[in-house]
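Fold and contact review
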Amino acid sequence: MKSETGFDPALFDRFPTKEERPPGEIEELERVWRAPRGWGLLTAVNNNYIGTFYVGAAFMFFVLAGFLALVMRVQLALPLQGVLPQETYNQFFTMHGTLMMFLFAVPMMEALGVLLLPQMLAARDLPFPRLSAYAFWAYFIGGTCFFMSLFFGLAPDGGWFMYPPLTSTTYSPGINADFWLLGIGFIEISAIAGAIEILVGVLKTRAPGMTLARMPIFAWAMLVFAAMILIAFPAVILATLLLELERALNWPFFDATRGGDPMLWQHLFWFFGHPEVYIIFLPAAGLVSMMVSALSRVTLVGYQLVVLALLATGFISFGVWAHHMFTTGMPTLSISFFSAASMAVSVPAGIQVFSWIATLAAGKPRHNTPTLFLVGGIVTFVIGGLTGVMVAMVPFDWQVHDTHFIVAHLHYVLIGGSVFPVFAGLYYWTPMMSRRPLSERLGKWVFWLMFAGMQITFLPMHLTGFMGMPRRVYTYLPGMGLEPTNMISTVGALTFGVGVALFIYDLARNFRFAVEGTAGNVYGGGTLEWLPNGLYAARSIPVVRSREPLWDDPNLGDDVEQGRYFLPGTPTGQRETIITSPIRAEPQYLQIMPGPSVWPLLGALFTAGFFLLLTIQAYTPAVISGILAIPSIMRWLWETDRPVAKQEVDVGGGIRLKTYATGPSTHGWWAMIMLLIVAFMVFLMLVFGFLFVFGVHPEYWIDFNASGPALPIAAVYTAGGALVLLGRHLLQREGSTLWSPTTQVLLGCLALAGAWILDFALWQDAGIDPEASAQGALIMAFLSLEGFLVGVAVLMGAYLALRTSRNMIERPRSVTFDVTMLFLVYTAAQGAASTLLTRLFPGGL
Amino acid sequence: MRAWTLLLGGLVVWTAHFLALYGVASIFPGTTIANWLVLPLTLVAVAALIFLLRRSVVQMASRDSLDRWMGRLATLGAAISLLAVVWQAIPALAR
């Protein structure tokens, strides 16, 4: 067998070990991994707790959004109903879509990832437990406040896509739109934090021997899901920032009268918005693939093709965003390309559907609740997929655009492709974290009510759309033939609601959270999450030799429980997990993990406070909250990156691993690279906006004669980056003093700040006015973005200096130093690039 | 890195080809220049995909089981991308 890291795979043959484990090992594991109690639970970071909180919160938002839908359906049951006034109806449909997409669908997938992945990969936890906690609290606090806006009449009312000019201050003068823009921008930051955690977790914390070919399909799905979030979500973060800047500061990015263009919003939004559909679908498809195999008691048919389908969907989904814009007058040729891609994306989805059907046919599926939800989900999703191919055809789309046909189509896709699989998953995995499984008898009722409700609601809605009823209208006139189908849809929606209510009753009756003494592997799954588990996950981390290890090795559970595999105890006396290589999962080093802490909670609270207070224009409290967020986050980080006394430890079978590592193959480095990909995508989207606006309205662009200082400013940025690299070089040299590497970094920060100030001041001298034209606004946006990065870079430099002053920087290599270096070098590179672009294009070229 | 490049190469080429087509259609809207540019772009993409296909087919013959598995996946990815690239270019080439 080949090796990826130099590790000898033959060493895996030492497991399971034969000798008895020393007494007291389990007690020590339990002590180290013990979760806080009472109010202290708020500081818990274990994935069992955070994952359960996360799933619970996402489900709560699903119920709230569903309730809004029911009220809307009652309003539409008959013509000229007076249940909801027009303005409130607008707020309801906006909040329904926003909650379902941003606060239920994506967070639910991340939540399931946080909850299931560590157990599925047999890791002790995901690599950054405090980041998971921060992501959850930021989402929960931000989402709850966002929802509460409905009770004050301040909820956004521009639709979940918030198109300008409808959402400009001219047509939406209140702060309703600001709630959406700042709230969603903030919540997406939390989603990105979760995605980084999942991506690094899947690539670096898999059990030894779990090669890419042996990875559970859900882990593959989450890998693609998280990568897609890193690429797609920056677009919506940038879009919301630009629109908020337009509203708050009158910078006309989307105002066609001053050289902006509302189409820029649509491009940015849908570059995020369509991949979002697959971001929701792929993890659900991963769940289906896992469950369909376990419930049919046979391996998944076409595992490799399903992996290919997941990867292909991830790529192709970025080529379909403009199919939401077929009616906007884009060039015919562009539309043709997007139409072709929209049809092509159905191929990988079809591969998965055929795999599921084949698996069901090849196995012996049992008549139980999760199987019902799976089959119901597949049927519903296929119907939605077929209408999706219909609307991918441009002439057909022109006919049904913005009608109830589209509402029916998207609900078939999302409920069939996401909601039903999630419910199947809740039934299937609840025994992993509850003393009792959910009721099979009630579950079947829940399924049939939800399935029937779904079809009764949305099948007639296709006809309502064909008859010409537009979306997002709060009522209709009698005598237009719309009454019967609308009434049927309302009855269906209420039926669906009863099904969900019954599910909540079932939860209340049977769900009893537990880490130990759970109901266990009720459905006979073959993957590692069904190993006996505690707060430390599995007692020992097994060597994985197949895709369904529990089916292939009936003794595995016992051996794991007896500590006969990796890491049977806690050799450093702290929380730890094994970091493995990304392709062959060879053990690399032991990661020391942080324990419970109040700081991620406080960091999330103050970050949320900053955004929410900004929304209601309480500027001073917002600034105070923002300032408090910084030390909270630094304090949380302060306790990390602390090497232990033992440099190497035995992790079982006589195999010794290092307890500290940094560099390109380590988890901290990877996480920072992923964060920088996010930053780069924001920058790239801004470059797209810059070129797009110039392409559409070149007549508004003026030559500022600003190209002269471009090279000198870029040179100062480059010098800043070079100083930081010199600092890292010095750190590795034994002869350097305590402060000399950090001093180079601080000088680098100084150069970055100097370059930015110079750039800003020279633009001011050139007479740039961000309110006068989109050109000026975009240049100021580049400066603002770079200014933000420089500000963070300076904070990181200060943090590094503080740690240096306490002699907390390891030599010859330090994780803190490395991640600071990566961020600063990126900031320098982006600063130079944005200076050259804004000063040389178009006049200087 | 080489392993990932081969594994995802086909899909990356498909994405690059798509973005290039979108780019030319946006830079030269409503002109035949865009249609003409699609042809060389597609030929370059097809050539890149054939190169990747040959590499991945070679990997499929590896003695290592994981290499073989990744080779098969890369071959499938490149093959489906080849189809997608041609499919993608048809709207321009058929005019």
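Note that the structure is a prediction, hence the values are computed from the model and not measured.

1. Brief notes about the overall build of chain B
Across its full length, chain B holds three helices and zero strands. If you list the helices and strands of chain B from N to C, you get α-α-α. Summarising its shape, the C-alpha atoms of chain B cover approximately 50 × 25 × 15 Å along the three principal directions. Carbon together with sulfur atoms contributes 75% to the accessible area of chain B, which is approximately 5000 Å² in total.

2. With respect to the interface of chain A and chain B
Taken together, the contact pairs 38 residues of chain A with 32 residues of chain B. Summed over both partners, the interface of chain A with chain B buries about 3100 Å², with 78% contributed by carbon and sulfur atoms. Of all residues in chain A, Gln-304, Phe-315 and Phe-337 of chain A bury the most surface against chain B, accounting for 25% of the area lost on that side. There are three salt bridges connecting chain A and chain B.

3. Points about the packing of aromatic side chains
Residue and element names in this part refer to chain A. Under the counting rule described, the total for this entry stands at 74 aromatic pairs over all chains. Seen from their ring centres, Phe-271 and Trp-321 are 5.4 Å apart, and the 70 degrees between their planes marks the pair as edge-to-face. Here Phe-271 is found in helix α7 (residues 262-296), whereas its partner Trp-321 is found in the loop between α8 (303-316) and α9 (332-344), with 50 residues between them in sequence. In this structure, Phe-271 and Trp-321 share a single accessibility class: buried. An aromatic cluster is defined as three or more aromatic residues linked by ring pairs; in this entry it consists of Phe-59, Phe-62, Phe-104, Phe-373, Phe-420, Phe-423, Tyr-427, Phe-447, Trp-448, Phe-451 and Phe-503. A cation over a ring is seen here: Arg-547 above Tyr-303, with NZ or CZ 3.5 Å from the ring centre.

4. Notes on the confidence of the model for chain B
In low-pLDDT segments, the atomic positions of the prediction should not be examined closely. With 99% of its residues at a pLDDT of at least 70, chain B reaches an overall mean of 93. Looking over chain B, one finds the lowest element-wise mean pLDDT in helix α1 (residues 2-27) of chain B, namely 93, and the highest in helix α2 (residues 32-59) of chain B, namely 95.

5. Notes on the pairing of strand β4 (residues 587-592) of chain A
Two faces make up the sheet, and in a regular strand the side chains alternate between them. Within β4 of chain A, five of the six residues are buried, which leaves it mostly tucked inside the rest of the structure. The turn linking strand β3 (residues 576-580) of chain A back onto β4 of chain A is made up of six residues, and Ala-585 of chain A within it adopts a positive phi angle of 55 degrees.

6. Details of the domain arrangement of chain A
Residue and element names in this part refer to chain A. The assigned domain composition of chain A is domain 1 (41-510) and domain 2 (700-840). Of the roughly 870 Å² buried between domain 1 and domain 2, counting both surfaces, carbon and sulfur atoms make up 67%. For domain 1, the biggest contributors to the area lost against domain 2 are Trp-251, Phe-253 and Arg-258; these three give 51% of the whole. Viewed at the interface, domain 2 and domain 1 are joined by zero salt bridges. The interface formed by domain 1 and domain 2 holds four residue pairs in polar contact (both at pLDDT 80 or more) in total.

7. Side note on a nonpolar patch on the surface
Taken together, the side chains of Leu-78, Ile-456, Met-487, Ile-488 and Val-491 of chain A present a nonpolar region at the surface, about 370 Å² in accessible area. For the nonpolar patch, the element with the most residues is helix α15 (residues 483-510) of chain A, which contributes three residues.

8. Comments concerning a negative patch on the surface
All names here are of chain A. Among the surface-exposed residues, Glu-27, Glu-30, Glu-516, Asp-558 and Glu-561 lie close enough to one another that they form a single negatively charged patch. Elements supplying a minimum of two residues to the negative patch: α1 (25-33) and α17 (556-561). Given a relative accessible area of 52%, Asp-558 falls into the exposed group.

9. Things to note about the pattern of salt bridges
Between side chains of opposite charge, a pair can form as their charged atoms come close. Residue and element names in this part refer to chain A. Under the counting rule described, the total for this entry stands at 17 salt bridges over all chains. The partner of Arg-472 in a salt bridge is Asp-402, and the shortest N-O contact between them spans 3.1 Å. Within this pair, whereas Arg-472 is found in the loop between α14 (440-466) and α15, its partner Asp-402 is found in the loop between α12 (394-400) and α13 (404-433), the two being separated by 70 residues in sequence. Given the relative accessible area of 26%, Arg-472 is considered partly exposed. For Asp-402, a relative accessible area of 31% corresponds to the partly exposed category. Ionic pairing is found between Arg-728 and Asp-818, a salt bridge with its closest N-O pair at 2.6 Å. With a gap of 90 residues between them, Arg-728 in helix α21 (residues 710-732) and Asp-818 in helix α24 (residues 815-840) connect regions that are remote in the sequence. Here Arg-728 and Asp-818 have matching classes, each one buried.

10. Here's the deal with the environment of Met-469 of chain A
Residues and elements named next belong to chain A. Along the chain, the position of Met-469 falls in the loop between α14 and α15. Residue Met-469 is classed as buried on the basis of its relative accessible area, which comes to 2%. Considering only alpha carbons, one finds Met-469 and His-404, 65 residues apart in sequence, at a separation of 6.1 Å. When sequence neighbours within four positions are dropped, the list of residues in contact with Met-469 reads Leu-76, Thr-403, His-404, Thr-464, Tyr-476, Leu-482 and Asn-486.

11. Structural notes on the nonpolar core
Formed by 306 residues in total, the largest nonpolar core has its most connected members in Trp-220, Trp-429 and Phe-566 of chain A together with Trp-69 of chain B. The element that contributes the greatest number of residues to this core is α7 of chain A, accounting for 23 residues. Viewed by domain, this core spans two of them, domain 1 (41-510) and domain 2 (700-840) of chain A, each represented by three or more residues. Look past the residues within four positions of Trp-220 of chain A in its chain and what remains in contact with it is Leu-212, Met-215, Tyr-303, Val-307, Leu-310 and Leu-311 of chain A together with Trp-69 of chain B.

12. Let's talk about the side chain of Thr-615 of chain A
On the secondary structure map, Thr-615 of chain A appears in helix α18 (residues 599-615). The residues touching Thr-615 of chain A, leaving out its near neighbours within four places in the chain, are Ile-175, Asp-178, Phe-179 and Leu-182 of chain A.

13. Describing the packing of α18 of chain A against helix α19 (residues 619-638) of chain A
All names here are of chain A. It is the contact of α18 with α19, at a shortest axis distance of 7 Å, that shows an interaxial angle of 160 degrees. In terms of orientation, α18 lies roughly antiparallel with respect to α19. When the axes of α18 and α19 are compared, the crossing they make is left-handed. Here α18 contributes Trp-599, Pro-600, Leu-602, Gly-603, Leu-605, Phe-606, Thr-607, Gly-609, Phe-610, Leu-613 and Leu-614 to the contact with α19, which in turn contributes Tyr-619, Pro-621, Ala-622, Ser-625, Gly-626, Leu-628, Ala-629, Ser-632, Ile-633, Arg-635 and Trp-636. Per-class residue counts for the contact of α18 with α19 are 15 nonpolar, six polar and one charged.

Each value, and the rule that gives it
- Just so you know, the residues in each chain are numbered from 1, in the order the chain's sequence is written.
- Whichever chain is written first becomes A and whichever ligand is written first becomes 1, with later ones labelled in order.
- pLDDT decides what is reported in this predicted model: residues at 70 or higher carry local features, side-chain atom pairs at 80 or more are listed and counted, and totals for whole chains, interfaces and linings draw on all residues regardless.
- Computation of side-chain values: all heavy atoms of the structure, hydrogens and water removed.
- A run of H or I in DSSP becomes a helix once it reaches four residues, and a run of E becomes a strand once it reaches two; helices and strands are each numbered from the N terminus.
- Here the accessible surface of atoms and residues is derived via Shrake-Rupley with a 1.4 Å probe, and residues count as covered only by protein chains that are part of the display.
- Between two residues, a contact is recorded if the distance between any of their heavy atoms is within 4.5 Å.
- The term buried area denotes the loss of accessible surface (1.4 Å probe radius) that occurs when two parts are joined, taken as the sum for both partners.
- A pairing counts as a salt bridge when a side-chain nitrogen of Lys or Arg comes within 4 Å of a carboxyl oxygen of Asp or Glu.
- Each pair of aromatic rings taken from Phe, Tyr and Trp, with Trp reduced to its six-membered ring, is defined by centres within 6.5 Å and is described as stacked if the planes are under 30 degrees apart, edge-to-face if over 60, and tilted in the remaining cases.
- Here the term buried applies to any residue with accessible area under 20% of the maximum for its type, exposed to any over 50%, and partly exposed to those in between, with areas from a 1.4 Å probe on protein chains only.
- To sit over a ring, a charge needs its Lys NZ or Arg CZ within 6 Å of the ring centre and within 35 degrees of the ring normal.
- Known as pLDDT, the predictor's confidence for each residue is given on a scale from 0 to 100.
- Strand pairing is assigned whenever DSSP detects at least two bridges linking the two strands.
- In this document the domain limits rely on a domain assignment from an automatic tool or a database.
- Identification of polar contacts relies on pairs of N or O atoms within 3.5 Å, with a donor-acceptor requirement for protein atoms, meaning one able to donate a hydrogen and the other able to accept it, and with residues adjacent in sequence counted only if both atoms are side-chain atoms.
- Residues with no salt bridge and a relative accessible area higher than 30% make up the patches, which join like charges within 9 Å and nonpolar side chains (Val, Leu, Ile, Met, Phe, Trp, Tyr) within 5 Å.
- The positive count covers Lys and Arg only, the negative count covers Asp and Glu only, and His and the chain ends enter neither.
- A single reference atom marks each charge: NZ on Lys, CZ on Arg, CG on Asp, CD on Glu.
- Residues enter a nonpolar core if they are buried and are Ala, Val, Leu, Ile, Met, Phe, Trp, Tyr or Cys, with the set joined through side-chain atoms within 4.5 Å.
- Here an angle of 0 to 180 degrees is reported between the N-to-C directions of two axes, which are lines fitted to C-alpha atoms, with helices fitted over the stretch in contact.
- Roughly parallel covers angles under 35 degrees, roughly antiparallel covers those over 145, roughly perpendicular covers 65 to 115, and oblique covers all other angles.
- Crossings are assigned a handedness: left-handed for a near helix turned anticlockwise from the far helix by less than a right angle, right-handed for a clockwise turn.
- Here the nonpolar group is Ala, Val, Leu, Ile, Met, Phe, Trp, Tyr, Cys and Pro; Asp, Glu, Lys and Arg are the charged ones; every other residue, Gly included, is treated as polar.

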